[in-house]
Amino acid sequence: MDFSLFKRITRDMREAGVEEIGVFFLGESFMNPRLLVDCVQYLKAEVGMPYVFLTSNASMAFPDAVEACMKAGLDSLKWSANAADAAQFEQIMAVSGKPFDRALGNIAAAWDVRAQKGYRTGLYASSIKYDGGQQQKMEALLESKVKPFVDQHYWLPLYSMGAFATVREAELGFKPTAGNQGRLGALREPLPCWSLFTEGHVTAESKLSACCFDATSNWVMGDLVEQPFMQAWNSTKFTQLREAHLRKDVRGTICENCVAYS
């Protein structure tokens with residue numbers, strides 16, 4: 001995202017009462033570490049955002065960049081640890097398995113950086129709860145390579161990614177959970193979808209999306225270049241979608257084909 005646009009949108013959000021911002025959406029934020037650090041610095045030092053957080057797969061989260069984020073005031077950094085070895089990383093993520101070991105090294109290095117410099121950034125990790133042999137391998141890896149280097153680890157159900165990954169899941173024989181139900185142990189009902197009422201997701205092009213899994217811009221509710229955040233948040237399109245969720249009847253809406261309802 002253009003930095004000047006980021007500054008305008010997030011200042012507007014803060015003035016509207018937003019208290020938490022995640023400096024990521026879909027994709028890996030550490031691929032542009034300078035922009036990432038600048039965004040954290042701006043939110044904490046200039047906007048006064050109470051809580052700034054980040055999720056990363058750790059493959060590009062090199063120690064210097066992580067330390068710069070911590071120094072800028074990042075409140076929380078969560079690692080997505082969803083494969084047990086390089087082969088599974090390549091199979092499940094459908095990308096090269098080469099970054100797998102590097103990611104584990106970066107997770108350990110972040111823990112050391114925080115301890116050595118006394119930063120206050122919380123370090124967390126989440127993992128998708130698979131089954132069978134995959135799950136057993138995951139648990140062994142987490143115990144030795146991830147959990148010793150985070151404050152907390154928790155499990156997530158296998159999401160459908162807003163139907164984005166459905167084909168890949170079918171190829172591997174995994175069955176996604178219904179909708180976005182949150183963490184295992186504290187699952188919510190898929191309807192109404194809680195994120196429609198509590199989270200705004202902004203694409204790099206400034207579009208406000210209704211879905212945290214919107215990789216294809218199918219859930220766009222407004223354009224923050226053309227309208228203030230609260231105007232887009234309370235748009236007729238967004239309001240009507242929330243009303244359908246409250247009725248627990250999303251037939252005819254953009255949410256109809258989600259795995260939760262099909």
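Residues numbered from 1 in each chain as written. Predicted model: local features only at pLDDT ≥ 70, side-chain atom pairs only at ≥ 80, totals over all residues. Heavy atoms only, no water.

Trainee: Can you walk me through the sheet that holds strand β6 (residues 201–202) in this structure?
Mentor: Each strand in a sheet pairs with its neighbour through backbone hydrogen bonds, running either in the same direction (parallel) or in the opposite one (antiparallel). One open sheet accounts for 3 strands, arranged β6-β7-β8; its pairing is antiparallel. On the outer flanks of this sheet lie β6 and β8 (220–223), each paired with one strand and no other. By the bridge criterion, 3 bridges tie strand β7 (residues 207–209) to β8 in an arrangement that is antiparallel. The residue of β8 that forms the bridge with K207 is D223. (Pairing = 2+ DSSP bridges. Helix = DSSP H or I, 4+ residues; strand = E, 2+ residues; numbered from the N terminus.)

Trainee: Where do I start with the packing of helix α1 (residues 3–15) against helix α2 (residues 33–47) in this structure?
Mentor: Angle between the axes and distance between the axes are the two parameters that describe a pair of packed helices. Taken N-terminus to C-terminus, the directions of α1 and α2 make an angle of 35°; their axes are 11 Å apart at the nearest point. Considering how the two elements wind past one another, α1 and α2 form a crossing that is right-handed. Taken together, the residues of α2 that come into contact with α1 (itself represented by F3, F6, K7, T10, R11 and R14) are L35, D38, C39, Y42, L43, E46 and V47. The residue makeup of the contact of α1 with α2, split by class, is 7 nonpolar, 1 polar and 5 charged. (Axes fitted to C-alpha atoms, helices over the stretch in contact; angles between N-to-C directions. Left-handed = near helix turned anticlockwise from the far one by under 90°. Contact = heavy atoms within 4.5 Å. Nonpolar A, V, L, I, M, F, W, Y, C, P; charged D, E, K, R; others polar.)

Trainee: Can you help me understand the pattern of salt bridges in this one?
Mentor: When the charged atoms of two side chains lie near each other, side chains of opposite charge can form a pair. As enumerated under the stated definition, the model contains 8 salt bridges in all. Measuring nitrogen to oxygen at the nearest pair gives 2.9 Å for the salt bridge that ties R34 to D38. Residue R34 and its partner D38 are both found in helix α2; the two are separated by 4 residues, about one turn of the helix. Here R34 falls in the exposed class, since its relative accessible area comes to 54%. The exposure class of D38 is partly exposed, given its relative accessible area of 27%. The salt bridge involving K207 is made with D223; its shortest N-O contact spans 3.5 Å. Taken as a pair, K207 in strand β7 and D223 in strand β8 lie far apart in primary sequence, 16 residues in all. Judged by its relative accessible area of 27%, K207 is partly exposed. For D223, a relative accessible area of 14% gives the class buried. (Salt bridge = Lys/Arg side-chain N within 4 Å of Asp/Glu carboxyl O. Buried < 20%, exposed > 50% of the residue type's maximum accessible area, 1.4 Å probe, protein only.)

Trainee: Sorry, what's going on with the side chain of T203 here?
Mentor: Residue position: T203 is located in the loop between β6 and β7. Apart from residues lying up to four places away in sequence, T203 is in contact with M1, F25 and S217.

Trainee: Whenever I open this one, α1 confuses me. Can you help?
Mentor: Each α-helix turn comprises 3.6 residues. Residues three or four places apart therefore point the same way. Taking 1.5 Å as the rise per residue, α1 with 13 residues should run 18 Å; its terminal C-alpha atoms sit 18 Å apart, in good agreement. Among the residues of α1, L5, F6, I9, T10 and M13 are the ones counted as buried. The buried residues of α1 occupy an angular sector of 115° when projected down its axis, which confines them to one face. Against β1 (20–22), α2, β6 and α9 (229–233) lie the buried residues of α1. At the exit of α1 stands G17, carrying a positive phi of roughly 110°. (Expected span 1.5 Å × (residues − 1). Arc of directions from axis to C-beta.)

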